[in-house]
Amino acid sequence: MIDNASIESLKNSIDIVDVIGSFIELRKAGANYKANCPFHGEKTPSFVVSPSKQIYHCFGCGVGGDSIKFVMELEKLSYPEAIEKLASMNNFSLNYTKGSSDYSDAKRVLEAVGQWYVKNLNHNETAMKYLLDRGISQNSIETFEIGYVPSGPEVMQFLQSALLPLPLAAEAGIIAQSENGNGYYARLVERITFPIYSTNASLVGFGGRTITNHPAKYINSPQTKLFNKSRLLYGYHLAKESIYKNKKIIICEGYLDVVMFHQAGFKEAVAGMGTALTTEHLPLLRKGDPKVILAYDGDKAGVGAALKAAQMLSVAGFDGGVVLFPDGQDPADLIAKGQSETVAKLLREAKPLTPFVLEMIVSMYNLKDPHAKEAAFGAVKQYLDALSPIIKDSYIPTAATLLGLSPSFFGKETRPDRARDSFTQKRGDSAHLQIIKTLIENPNLIDNVLNVMDVTMFESYAPLVSALITGENENPGLIRLSLDDSLDILTEEKLNKELCALLLKQYNLKLKTIANSQQIPFEKKRFLLWKIRKDIIPKLKKGELVAYDPIL
């Protein structure tokens, strides 16, 4: 059992705003804080948190209580489990009248294994050489407690020699049970390890980077009682003092970026753990009310992640900007090359969140096509309508300029959703974009398509195909397609069917053109009509691809 005096000490050491703010996004409202109630659906905030009374109450559904009650209700935990969860979140050591808890046992396993990982690094020349070659200093290695995990059998041998029970190690995410249930295996093998801490500096898991060319470059600990990667940011426990002091947080893509940012003096840097920023991160990002700088690679994945994050943050009312590192380089590379001042300049010149989103949305459409322009307007207006009224009004001139429209368009009673729907329908009918997206994901199929179709047959999307052929992987239109979840990636068999359908359409149009032409001699016209009707179209209907001949 947990000692009562220990529970009282925990209660006195935690703040309800910090506790609830770790789960939901709170907004200051006079002396209190408000939020949309997490226990019932509502659009107008009626959930109030009182820091002076250390209680919460929802005026909508009537729930209320203290920090412990909140964690119990939200996480569906018993009273002792909620106490242990809060203690773990706040790096507080509970005293027990008898025995211990799953939380304290899991922490003990993680800490012991983490120390062992650190010792292993000094004995592995390959891992140490990799870190030093990347420009990471010995001081940074020690500060971030970077380690190395050897082979699976060595992990199991260590756990046994350290008298760490295997079931507890499994609960902590260090090992996993084999599929047949007849044993365990190590989750991280032959990887450089990066310990992951909670915001209050409690070890909760590890990230591992392969040095053996494993297909999965990075692997994180699994979800456990202690570890929820959707609510954590790597390096936050080391960065939070600078974040609060400088009112700025730099969000980058990887562990090494964070380490190198800190090494160069940018101590506000943190990173997600293999997942994009989500609304679950917002409560943490809100702490200290910092300006949020997204510092991502300039490749397709980086641009896509930056767009989604910038849109989410701006709609949530955050101030900040976006930096996309050029020429395929990441922050760690530039800092390792001694270009810290270049990085500092890029951060100072970060593109503000809302202009970045507007420019990216507009760049995804061909404004020379009236249908696409209408859809672009619909997408932009839908985004602006999600912003606060003052911010929206401030950026209407920018949006109008980008679209080449009068600002008055944004004041009219329009239905942007209809514009986007009609454009989507137009795209669906053509199937062109579905083919292009397939080629983006499977470039080896490009020749299959070009062998039977001409680029011009993609009509208004011909520039996208040309960009794809010439390797312009950062083309905004191509990025947009790769992120469009409404478009399927076709198998080779389905791709061939789509190509046959498009070629059939082209040749049917060709039949009408030839039949109505007054310029083609009679004998040639008869031959061409026969060739298309009796040879080409039957083959296409059987699913046999025939190269399009523009001369016919």
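Keep in mind the model is a prediction, meaning the values are calculated, not measured. Throughout this description, residue numbers start from 1 for each chain and increase along the sequence as written. In keeping with the model being predicted, local features are shown solely for residues with a pLDDT of at least 70 and side-chain atom pairs are shown and tallied solely at 80 or more, while totals for entire chains, interfaces and linings include all residues. Calculation of side-chain values draws on the structure's entire complement of heavy atoms; hydrogens and water are dropped beforehand.

A.B. asks: I'm lost on the sheet that holds strand E11 (residues 218-220) in this one. Help?
C.D. replies: Strand pairing within a sheet occurs via backbone hydrogen bonds; the two strands may be parallel or antiparallel. We treat two strands as partners when DSSP finds at least two bridges between them. Here a strand is any run of E in DSSP of at least two residues, a helix any run of H or I of at least four, and the numbering for each starts at the N terminus. Here four strands make up an open sheet; going across it, the order is E6-E9-E10-E11 and the pairing antiparallel. Taken across any chain shown, the strands that pair with only one partner, and hence form the sheet edges, are strand E6 (147-149) and E11. Direction aside, the axes of adjacent strands within the sheet are offset by 35° on average. Sheet analysis places E6 next to strand E9 (residues 191-197), joined by three bridges and oriented antiparallel. Orientation is described by axes fitted as lines to C-alpha atoms, over the contacting stretch for helices, and by angles from 0 to 180 degrees between their N-to-C directions.

A.B. asks: I would appreciate a short explanation of the pattern of salt bridges in the present structure.
C.D. replies: When the charged atoms of two side chains lie near each other, side chains of opposite charge can form a pair. Only one rule defines a salt bridge in this text: a Lys or Arg side-chain nitrogen within 4 Å of an Asp or Glu carboxyl oxygen. All told, the structure shown has 17 salt bridges when counted by the stated rule. A salt bridge links aspartate 133 to lysine 129; its shortest N-O distance comes to 2.7 Å. With aspartate 133 and lysine 129 both in helix H6 (residues 125-133), this residue pair falls four residues apart, about one helical turn. Of the charged contacts, one joins aspartate 535 and lysine 531 as a salt bridge, the two residues approaching to 2.8 Å between their closest N and O atoms. Of the two residues, aspartate 535 and lysine 531 are both situated in helix H25 (residues 522-541); the distance of four residues between them amounts to about one turn of the helix. Summary of the burial criterion: residues with accessible area below 20% of their type's maximum are buried, those above 50% are exposed, and those between are partly exposed, where the area comes from a 1.4 Å probe applied to protein chains only. Residue class for lysine 531 comes out partly exposed when judged on its relative accessible area of 26%. Connected via shared salt-bridge partners are Glu75, Lys85, Arg231 and Glu280.

A.B. asks: Would you mind showing me how to read the pairing of strand E4 (residues 55-58) here?
C.D. replies: Regular strands have side chains that alternate between both faces of the sheet. Only one face of E4 is covered, namely the one carrying Tyr56 and Cys58; the face carrying Ile55 and His57 has none of its residues buried. The pairing of strand E3 (residues 47-50) with E4 spans four bridges and is antiparallel. Bridging from a neighbouring strand, serine 50 pairs with isoleucine 55 of E4. Adjacent in sequence and paired antiparallel, E3 and E4 are bridged by four residues, among which glutamine 54 carries a positive phi angle near 60°. Between the antiparallel neighbours E4 and strand E5 (residues 64-65) lie five residues, among them glycine 62 with a positive phi of about 90°.

A.B. asks: Teacher, can you tell me more about the side chain of asparagine 220 here?
C.D. replies: Inspection of the secondary structure puts asparagine 220 in strand E11. We classify asparagine 220 as buried; its relative accessible area is 18%. Side-chain atoms alone can form a polar contact between residues adjacent in sequence; in general such a contact is a pair of N or O atoms within 3.5 Å, and within protein one must be able to donate a hydrogen while the other accepts it. Among the polar contacts made by the side chain of asparagine 220, one reaches the main-chain carbonyl oxygen of methionine 273 at a distance of 3.0 Å. Between two residues, a contact is recorded if the distance between any of their heavy atoms is within 4.5 Å. Not counting residues up to four positions away in its chain, the partners in contact with asparagine 220 are Ile196, Phe206, Gly207, Phe227, Lys229, Tyr255, Met273 and Gly274.

A.B. asks: Can you walk me through the sheet that holds strand E1 (residues 27-29) in this structure?
C.D. replies: One open sheet accounts for five strands, arranged E1-E2-E3-E4-E5; its pairing is antiparallel. Only two strands of the sheet have a single partner each, and these edge strands are E1 and E5. In terms of strand pairing, strand E2 (residues 32-35) meets E3 through three bridges, oriented antiparallel. Its bridge partner being in E3, tyrosine 33 is matched across the sheet by valine 49.

A.B. asks: When you look at the nonpolar core in this model, what are you seeing that I'm missing?
C.D. replies: When a protein is soluble and globular, its nonpolar side chains tend to lie buried together. Ranked by size, the top nonpolar core spans 64 residues in total, and within it Leu131, Ile146, Ile174, Tyr234, Phe261 and Leu347 carry the most contacts. Discounting chain neighbours no more than four positions away, the residues touching tyrosine 234 are Phe144, Phe194, Pro195, Ile196, Tyr255, Val258, Val259, Val270, Ala271 and Met273. Take the buried Ala, Val, Leu, Ile, Met, Phe, Trp, Tyr and Cys residues and link them wherever side-chain atoms come within 4.5 Å; each set so joined is a nonpolar core. In terms of nonpolar packing, the next biggest core, distinct from the first, is built from 47 residues, Leu277, Leu284, Leu353 and Ala376 among them.

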